[in-house]
Amino acid sequence: MEDYGRFLALLASALLVGFASVVISLVWVFQYRGGLSWDGSSREFNWHPILIVMGFVFIQGIAIIVYRLPWTWKCSKLLMKFIHAGLNTIAMILVIIAIVSAFDFHNANNNPNMYSLHSWIGLIAVICYCLQLFFGVAVFLLPYAPVRLRAALMPIHVYSGLTIFGTVIATCLMGITEKLIFSLSNPPYSQSPPEAILVNCLGLLLVIFGALILWMVSRPHWKRPREENA
Ligand code: ASC
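Quick caveat: nothing in here was measured; it's all calculated off a predicted structure. The residue count restarts for each chain, going from 1 along the sequence in the order it is written. Only residues with pLDDT of at least 70 get local features here, since the model is predicted, and only at 80 or more are side-chain atom pairs given and counted; chain-wide, interface and lining totals rely on the full set of residues. Note: side-chain values were computed over all heavy atoms of the structure, leaving out hydrogens and water.

What about the overall build of the protein chain?
Only DSSP runs of H or I reaching four residues or more are called helices, and only runs of E reaching two or more are called strands; each is numbered from the N terminus. From N to C terminus, the protein chain includes 7 helices and 0 strands. In sequence order, the protein chain lays out its α and β elements as α-α-α-α-α-α-α. Only C-alpha atoms enter the radius of gyration; for comparison, a globular chain is expected to reach 2.2 Å times N to the power 0.38, where N is the number of residues. The C-alpha radius of gyration computed for the protein chain amounts to 19 Å, which stays within 12% of the reference 17 Å derived for 230 residues, consistent with globular compactness. Dimensions along the principal axes, computed over C-alpha positions, put the protein chain at roughly 60 × 40 × 25 Å. Burial status across the protein chain gives 43% buried among its 230 residues. If you take every contact in the protein chain between residues at least 6 apart in sequence, the share linking residues at least 24 apart comes to 74%. All accessible-area figures derive from a Shrake-Rupley calculation using a 1.4 Å probe, and residue coverage is judged against the displayed protein chains alone. Within the structure as shown, the protein chain displays about 12,300 Å² of accessible surface, and the carbon and sulfur contribution to it stands at 71%. The cut-offs for exposure are 20% and 50% of the maximum accessible area for each residue type, with area from a 1.4 Å probe on protein chains only; residues under the lower value are buried, those over the upper are exposed, and the others partly exposed. Here, residues are in contact when the closest pair of their heavy atoms is within 4.5 Å.

Let's talk about the nonpolar core
The criterion is simple. A nonpolar core is a set of buried Ala, Val, Leu, Ile, Met, Phe, Trp, Tyr and Cys residues joined through side-chain atoms within 4.5 Å. The biggest cluster of nonpolar side chains holds 51 residues, and the ones touching the most others in it are Leu 206, Phe 209 and Met 216. Sorting the residues of this core by element identifies α1 (4–32), α3 (47–65), α4 (77–108), α5 (117–141), α6 (147–183) and α7 (194–218) as the ones contributing at least two each. Apart from the residues within four sequence positions on either side, Met 216 is in contact with Phe 7, Leu 10, Leu 11, Ala 14, Ile 65, Arg 68 and Trp 222.

Here we look at unusual backbone geometry
Of the consecutive residues Asn 186 and Pro 187, the connecting peptide bond is found in the cis state with omega at 5°. Relative to the assigned elements, Pro 187 resides in the loop between α6 and α7. With a phi close to 55°, Asn 110 is a non-glycine residue in the positive phi region. Classification of Asn 110 by relative accessible area gives exposed; the value is 73%.

Looking at the packing of α3 against α5
Axis definition: a line fitted to C-alpha atoms, over the contacting stretch in the case of helices. Angles run 0 to 180 degrees between N-to-C directions. Where α3 meets α5, the closest approach of the two axes is 14 Å, and the angle between their N-to-C directions is 45°. Classified by the angle their axes make, α3 and α5 are oblique. The way α3 lies across α5 gives a crossing that is left-handed. Residue-level contacts link His 48, Phe 56 and Gln 60 of α3 to His 118, Ala 125, Val 126 and Tyr 129 of α5. Under the scheme applied, nonpolar residues are Ala, Val, Leu, Ile, Met, Phe, Trp, Tyr, Cys and Pro; charged residues are Asp, Glu, Lys and Arg; polar residues are all the others, including Gly. Taken together, the residues that form the contact of α3 with α5 break down as 4 nonpolar, 3 polar and no charged. Angles are sorted into four bins: roughly parallel if under 35 degrees, roughly antiparallel if over 145, roughly perpendicular if 65 to 115, and oblique for all others. The hand of a helix crossing depends on one turn: near helix anticlockwise from the far one by less than a right angle means left-handed, and clockwise means right-handed.

Here's the deal with the side chain of Glu 195
Among the secondary structure elements, Glu 195 is positioned in helix α7. A residue is classified by how much of its surface remains accessible, and Glu 195, at 5% relative accessible area, is buried. Counting of polar contacts relies on pairs of N or O atoms within 3.5 Å, with two restrictions inside protein: one atom must be capable of donating a hydrogen and the other of accepting it, and residues adjacent in sequence are counted only when both atoms are side-chain atoms. Only 2.8 Å separates the side chain of Glu 195 from the side chain of Arg 33, close enough to count as a polar contact. Not counting residues within four places of it along the chain, the set of residues in contact with Glu 195 comprises Trp 28, Tyr 32, Arg 33, Leu 180 and Leu 184.

Quick notes on a nonpolar patch on the surface
Every patch collects residues that have over 30% relative accessible area and no salt bridge, joining them within 9 Å if they carry like charges and within 5 Å if they are nonpolar side chains (Val, Leu, Ile, Met, Phe, Trp, Tyr). The salt bridge criterion pairs a side-chain nitrogen of Lys or Arg with a carboxyl oxygen of Asp or Glu, the two atoms within 4 Å. A cluster of nonpolar side chains, namely Met 114, Leu 117, Trp 120, Leu 123, Ile 127, Leu 131, Phe 134 and Phe 135, defines an oily patch on the protein surface of about 800 Å² accessible area. Mapped onto the elements, Leu 117 comes out in helix α5.

Concerning the side chain of Glu 44
Within the secondary structure layout, Glu 44 lies in helix α2 (residues 42–45). With residues near it in sequence (within four places) discarded, Glu 44 still touches Ser 37, Trp 38, Asp 39, Ser 101, Asp 104 and Phe 105.

As for the packing of α4 against α5
Here α4 crosses α5 at 155°, and the two axes come no closer than 11 Å. One element, α4, and the other, α5, form an angle in the roughly antiparallel class. For the pair α4 and α5, the crossing hand works out as left-handed. Along its contact with α4, which presents Leu 78, Lys 81, Phe 82, Ala 85, Asn 88, Thr 89, Ala 91, Met 92, Val 95 and Ile 99, the element α5 presents Val 126, Tyr 129, Cys 130, Leu 133, Val 137, Phe 140 and Leu 141. For the contact of α4 with α5, the class distribution of residues is 14 nonpolar, 2 polar and 1 charged.

Written as structure tokens, this is what we have:
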């Protein structure tokens, strides 16, 4: 592979930034927001940012680049498809639990649902992600679709996957911002208390993580070499 060292450096950076994002979301919840529970309180809502950062950002990001890992090029394409679909399935389960925690918290406290732009775009992203996974499995993993159909749909699968991933990160930024505005009052967000700085940094890391994944996936010379009949 051309530039193996540079690929590894980018991969290590992405893993570090992604891991740091998960850790910061845990610090946010445990240090500032009272931790986790499943009882309709704001501690139930706290599952939402943690599971979204873990599943929708970190695991989805890794799922996007699994085909690029050079040491997997010896593995069968089918195995890599199972890993790609499996990681996305794990992410989808975490995302569904995350959404339920937000709705459950709202309903238990008579808060309205689905009025914010965060919730509109977020729900659309979740629905598109589920459809993407369903059609991805049906067309590319199961052995039924003819090669011409696969070839015609592959650019759409790649495009919609990357669009969903970018949209998810944008949606996280909206969610983070509205949560800080809602929950910081004494001192308010505008006075930059430590929680606000920490969570702003989380948003920054999510953007950097997305930028690293999109860079790695868009370098043509880091693509898995094509096999015959694959
Ligand atoms: C697949 C697969 C590919 C593409 C290709 C069409 O299912 O493994 O490499 O679709 O056949 O672009």
